[in-house]
Amino acid sequence: MFHAANPACYQYGLDSNNTAPDELMINYMKWPFNYTALRQAISLVINRTYLIDKVYAGLAFYSPAVPMAPGTLYMLNSTVLYWAKYFAPPEGNVTRAIDWLEAHGFKFVNGQLYAPNGTDISSMTFTIIAPSGSTAYDAEITAIAQELKAIGLNVVPETLPWGEWMLDVLSGE
């Protein structure tokens, strides 16, 4: 007979050998995301601690911006691991992201981001999509879209039916 809930039995399918819960896929073939420095700044600004604590209730694990499970990071040499951690600080780092962009030819003026060619990136709208039906995905893309505003990116979160989302991923959209 079941008498009381046992917190020791509350489990979730993530452990230290699994990858981070989700990944942000950016089509680096499309402007302005073809700028490596912009993609690096995006990684810099994301607050992974917030996502782990609030979206995944502390049940996920931090992993720097490398496509590897946290339990396998020991396989990286110290230089690669340093740069992976530099571009994926657990709490995010807006100041470092803006400094990085400016060091690579971007201009950040009154909250507006300008590309090295002078184009006002902040006047453009970008969409971050996730498959519908998951409150975690909804919360995650909403949080990331909000964080990206700090570096002048106007990002709108959107959920799509899984099949439509997958077609967009496969087509690079």
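Presented here is a report on the structure given in the accompanying data block. (Residues numbered from 1 in each chain as written. Predicted model: local features only at pLDDT ≥ 70, side-chain atom pairs only at ≥ 80, totals over all residues. Heavy atoms only, no water.)

Considering the packing of aromatic side chains
Right, so step 1: Throughout the structure, instances matching the rule amount to 11 aromatic pairs.
Right, so step 2: With 5.1 Å between their ring centres and 75° between their planes, Y35 and F106 make a pair best called edge-to-face. One end of the pair, Y35, is in the segment before α1 (36-45); the other, F106, is in the loop between α4 (94-103) and β1 (107-109), with 71 residues separating them in the sequence.
Right, so step 3: A relative accessible area of 22% places Y35 in the partly exposed class.
Right, so step 4: Looking at F106, the relative accessible area reads 1%, which means it is buried.
Right, so step 5: With a centroid separation of 5.0 Å and an interplanar angle of 80°, the aromatic rings of Y82 and W83 are classed as edge-to-face.
Right, so step 6: For Y82, a relative accessible area of 47% puts it in the partly exposed group.
Right, so step 7: On the basis of relative accessible area, W83 is assigned to the partly exposed category, the value being 39%. (Phe/Tyr/Trp six-rings, centres within 6.5 Å; stacked < 30°, edge-to-face > 60°. Helix = DSSP H or I, 4+ residues; strand = E, 2+ residues; numbered from the N terminus. Buried < 20%, exposed > 50% of the residue type's maximum accessible area, 1.4 Å probe, protein only.)

Some details on unusual backbone geometry
Right, so step 1: Going from W31 to P32, the amide bond is cis rather than trans, its omega being 5°.
Right, so step 2: Mapped onto the elements of the fold, P32 is located in the segment before α1.
Right, so step 3: In this structure, N110 is a non-glycine residue whose phi angle is positive, near 50°.
Right, so step 4: Along the chain, N110 turns up in the loop between β1 and β2 (112-114).

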